[in-house]
Amino acid sequence: EVLDSGQLVLGPRVKRFEENFSRWLGATGESVGVGNGTDAIALALTALGIGPGDEVLTVANTAIPTVSAIRMTGATPVFVDVYPDTLLFDVNDAAKRITPRTRAIVPVHLFGNAVDLDAICAFAAEHQLKVVEDCAQSTGTKYRGAATGTRGDIACFSFYPTKNLGAYGDGGLCFTPHAELAATLRRLRFYGCGQTYYAEQEGVNSRLDELHAAMLDVKLRYLDQYVARRREIAALYDAMLGDAVWRPQVADHVEHSYHLYVIAVDERDRLLAELKAEGIACGIHYPTPIHLMRGYAFLGHAAGSLPITEHAAKRLLSLPCYPELTDDEVRRVAEAVLRLR
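About the criteria used
- Residues numbered from 1 in each chain as written.
- Predicted model: local features only at pLDDT ≥ 70, side-chain atom pairs only at ≥ 80, totals over all residues.
- Heavy atoms only, no water.
- Helix = DSSP H or I, 4+ residues; strand = E, 2+ residues; numbered from the N terminus.
- Rg over C-alpha atoms; globule rule 2.2 N^0.38 Å.
- Buried < 20%, exposed > 50% of the residue type's maximum accessible area, 1.4 Å probe, protein only.
- Contact = heavy atoms within 4.5 Å.
- Areas by Shrake-Rupley, 256 points an atom, 1.4 Å probe, with all protein chains shown as cover.
- Lys, Arg positive; Asp, Glu negative; His and termini not counted.
- Charge placed at Lys NZ, Arg CZ, Asp CG, Glu CD.
- Axes fitted to C-alpha atoms, helices over the stretch in contact; angles between N-to-C directions.
- Parallel < 35°, antiparallel > 145°, perpendicular 65-115°, else oblique.
- Left-handed = near helix turned anticlockwise from the far one by under 90°.
- Nonpolar A, V, L, I, M, F, W, Y, C, P; charged D, E, K, R; others polar.
- Pairing = 2+ DSSP bridges.
- Expected span 1.5 Å × (residues − 1).
- Arc of directions from axis to C-beta.
- Disulfide = S-S within 2.5 Å.

(A) Up close: the overall build of the protein. Each helix and strand in the protein was counted, giving 12 helices and 12 strands. Relative to the 2.2 N^0.38 estimate, which gives 20 Å for 341 residues, the radius of gyration of the protein is 20 Å and therefore close to what a compact globule would have. Expressed as lengths along the three principal axes of its C-alpha atoms, the size of the protein is roughly 65 × 50 × 35 Å. Expressed as a percentage of the 341 residues in the protein, the buried residues total 54%. Taking all contacts inside the protein whose residues are at least 6 apart in sequence as the whole, residues at least 24 apart take part in 68%. When the accessible area of the protein is evaluated, it comes to approximately 14,900 Å², of which 51% is carbon and sulfur surface. Of the charged side chains in the protein, 34 are positive and 42 negative; the average position of the first set lies 2 Å away from that of the second.

Right, here's the structure in full:
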């Protein structure tokens, strides 16, 4: 239908998907489809007035796009260490790193877990900071019964093909409860224009196209069952691994969506190689914290500045976790981990 219509950019399918995604989130607000998850964060910060000279608090144990998006605005990322039990944004550490130039926080709902939104929102209110939730890995996660992405000023989602809700290429979305921010985001994604080719402000080209929106809208109908299956797989891993293998903790008031199922082990690289030899493909998320990457050395975060983040990066391993896995395959992976660790 999309191809036959000839309307391939910012048409009725994008609008319908935006409306359905907002409805699926279960919160009052508006969704704005954009080109990818990286653009979503950059446009969100721009819409909030964040730019050169400003500092944004975030974590280094995340995908590079979180940080590259901050840099796209001209702002400076300031890295915060993580709690040792969850490996998520540590508000207490953030308090030590705030400066008069700090304007926003980009907390990352890593692996499908949820950051402590109560603490982060209270911290943000105390210091008059904007909150942009990075929900790239948390589509389907709930915090105190509400979807992640519904507490901050703007939430940013990625529809990269491997995400819980994936397109067949790049795609992203911003959700905000504020109508004026939604209007700004719609202008920003389309050269700063409103309904006509007249730039009200400087913008970019970052649009979720009609074909991806149509496919995402179909997959959205099945998202809850995809996430439910991920939780079943995680529960089976938990039961089999027990206390023998460490995993990041999940708070009682969080419903994890298990974009990734992560464990921490000594001799991680050896285990990774031995699992691969047995035909079990695992991943590392992420082998090098961003503050230690050559490309971000200019930010001045030396080795040892984020001790918990750095220690975890040497030990984390992501086990296979996707809805199509069978219980027998999950058991095979868990048994191999227990035998080889």
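(B) Quick look at the packing of helix H10 (residues 268-277) against helix H12 (residues 327-340). Contact pair H10 / H12: the axes reach a minimum separation of 10 Å and the direction vectors enclose 135°. One finds that H10 runs oblique with respect to H12. Crossing angle aside, the handedness with which H10 passes H12 is right-handed. Together, Arg-270, Leu-271, Glu-274 and Leu-275 of H10 and Ala-336, Val-337 and Leu-340 of H12 make up the contact between the two elements. Taken together, the residues of the contact of H10 with H12 sort by class into 5 nonpolar, no polar and 2 charged.

(C) Examining the sheet that holds strand E2 (residues 55-59) more closely. Ordered by their spatial adjacency, 7 strands build an open sheet running E1-E9-E8-E5-E4-E2-E3, and the pairing between neighbours is mixed. If you trace the sheet from one side to the other, it starts and ends with strand E1 (30-34) and strand E3 (76-80), each paired once. The average undirected angle you get between the axes of adjacent strands in this sheet is 30°. As judged from the 2 bridges shared by strand E4 (residues 102-105) and strand E5 (residues 130-134), these two strands associate in the parallel manner. Looking at the pairing, Ile-105 lines up with Val-131 of E5. Sheet strands touched by helix H2 (residues 12-25): E1, strand E8 (154-158) and strand E9 (172-176). Its angle to E1, the strand with the most contacts, is close to 130°. Lying on the sheet, helix H4 (residues 64-72) is in contact with E2, E3 and E5; it crosses E3 at an angle near 145°.

(D) Local environment of the packing of H2 against helix H8 (residues 210-220). Their axes nearest at 8 Å, the elements H2 and H8 cross at an angle of 35°. In terms of crossing hand, the pair formed by H2 and H8 is left-handed. Seen from H2, the contacting residues are Pro-12, Arg-13, Val-14, Arg-16, Phe-17, Asn-20, Phe-21 and Trp-24; seen from H8, they are Glu-210, Ala-213, Ala-214, Leu-216, Asp-217 and Leu-220.

(E) A look at H2. A rise of 1.5 Å per residue sets the reference length of H2, with its 14 residues, at 20 Å; its end C-alpha atoms lie 20 Å apart and thus fit the reference within 8%. The complete set of buried residues in H2 reads Arg-13, Val-14, Phe-17, Glu-18, Phe-21, Ser-22 and Leu-25. Buried residues of H2, seen end-on, are gathered within an arc of 165° and therefore sit on one face of the element.

(F) Representation of the state of the cysteines. Under the criterion given, the structure shown has 0 disulfides. Cys-156 carries a free sulfur, and the closest cysteine sulfur to it, the one in Cys-174, is 4.3 Å from it. By relative accessible area, Cys-156 is classed as buried at 2%.

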